[in-house]
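Survey of secondary and tertiary structure
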Amino acid sequence: ADANQAYLAYVNGELEATAVPDANVKLVQADQTLSQQTIRYNELVIFGYQFNVKAPPFDSAKVRQALAMAVDRSALIEKVAQGIGKVAYSPVPPGMPGHDPSMGKDFDFNPGKAKQLLAEAGYGDVSKLPKITFTFADTSPNRLRAEFFQGQMKQNLGIDVTLESLDSKAYQQRFNAGQFMMVFGGWGADYPDPDNFVPELLKTGSGNNHLSYSNPQVDTQAKLCQRDTDEKKRLSACAEAQKLVVADEP
C-alpha cells in the first residue's frame, strides 16, 4: 500500500518490479544502475483535481473555474511529480484521436482572473465560502498532491482547505457513493478512442460519472460520440462534447 516501502523492497531485491515514487525520481534518473532498470513510457491517462458538482460551492461553474485557474499545473508536475507528466487542460490526453492541444488554455494559471471569477460568483470575501474538504486515499503520492492543492488555494486565493485522509477501501466506498467535495483522480484508456473518456466520465448517469456532472448538450454530443456510424461526424461530436465540458458554462 505504501509506494516508498515498495520501492525499498525492490532495491533490497524483495520485489521484481515496482513504480518509482515521486521522491525517488531524480535519484533513479541520476543513478546509472537504477536508470538502466527503469522503463519510462507514455500512457493514455489523465489526472486532475475533481469537484463534486452537487456539493456547494462547486455547484457554481465560476467557482470551479476560479479554483482551476488558481492551480499552477507546471509547478505540480515539476515540484510534486518531479517532471513526470505533461500539463493537461482537457479530458482527452495527447496521443488519443480527438485530442486538441489548444483546448482549455483559457483556464491556465491566472490567480488574478481566479479572484475575479470568485467575486462574480458572490465570493469576493472568501471567508463566505462553505468549508472545502479535500478527500484522498492516504498514500504518499496522494498526500503530496492534496497538500499542493491546499497550498495553492491558500497562497493564491486565501482559501483554507481541510484535508481528509482515508484508508483506500474507505476512500473508494466514499468516492463511488459520491460522498466527497473534491478529490484528485484519473482515468486511463481501456481502448484508444475519445468515446472511452467524455461519455464514460461525464454523460449524465454514466457509471463512472462520480462527479455528478450533468449537461444536456454534452449528453447529446456524447451519444453521437458513442454511436454515430460516420467516423468524421462521430469524432466531431466527441470534440464538441469536450468543448462544452471545458467551457463549463453554468
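Refer to the structure above for everything that follows.
Each chain has its residues counted from 1, following the order in which its sequence is written. Residues qualify for local features only when their pLDDT is at least 70, as the model is predicted, and side-chain atom pairs are given and counted only at 80 or more; totals for whole chains, interfaces and linings, by contrast, use all residues. Calculated side-chain values reflect all of the structure's heavy atoms, with hydrogen atoms and water omitted.

**Considerations on the side chain of aspartate 193**
Position of aspartate 193 among the secondary structure elements: in the loop between strand S4 (182-188) and helix H9 (198-202). Assessed through its relative accessible area of 13%, aspartate 193 is described here as buried. Here a polar contact means two N or O atoms within 3.5 Å. Within protein one must be a hydrogen donor candidate and the other an acceptor candidate, and residues neighboring in sequence count only if both atoms are side-chain atoms. Engagement of the side chain of aspartate 193 in a polar contact is seen with the backbone nitrogen of aspartate 195, the distance being 3.0 Å. Residue contacts for aspartate 193: discarding those within four places in its chain leaves Met96 and Arg234. Secondary structure follows DSSP: runs of H or I at least 4 residues long count as helices, runs of E at least 2 residues long count as strands, and numbering of each begins at the N terminus. A 1.4 Å probe rolled over the protein chains alone gives each residue an accessible area, and that area as a share of the maximum for its type sets the label: buried under 20%, exposed over 50%, partly exposed in between. Pairs of residues are marked as contacts when any of their non-hydrogen atoms sit within 4.5 Å.

**Re the nonpolar core**
In this description, a nonpolar core means a group of buried Ala, Val, Leu, Ile, Met, Phe, Trp, Tyr and Cys residues linked to one another through side-chain atoms lying within 4.5 Å. In terms of nonpolar packing, the biggest core is built from 34 residues, with Tyr49, Leu67, Phe134, Phe149, Met153 and Ile159 touching the most fellow members. Every element with two or more residues in this core is listed here: strand S1 (45-51), helix H4 (61-69), helix H5 (73-80), helix H6 (111-120), strand S2 (132-137), helix H7 (140-157) and S4. The element best represented in this core is H7, accounting for five residues. For phenylalanine 134, the contacting residues outside a window of four places in its chain are Tyr49, Ala146, Phe149, Val161, Thr162, Leu163, Glu164, Met182, Val183 and Phe184.

**Side note on the environment of glutamate 231**
Topologically, glutamate 231 is positioned in helix H11 (residues 231-247). A polar contact is formed between the side chain of glutamate 231 and the side chain of arginine 234, at a distance of 2.9 Å.

**Quick look at unusual backbone geometry**
A cis geometry characterises the amide bond from proline 56 onward to proline 57, with omega recorded as 5°. For glutamine 82, which is not a glycine, the phi torsion comes out positive at approximately 55°. Take glutamine 82: it is sitting in the loop between H5 and H6. Positive phi, normally seen in glycine, also occurs at serine 212, with a value near 65°.

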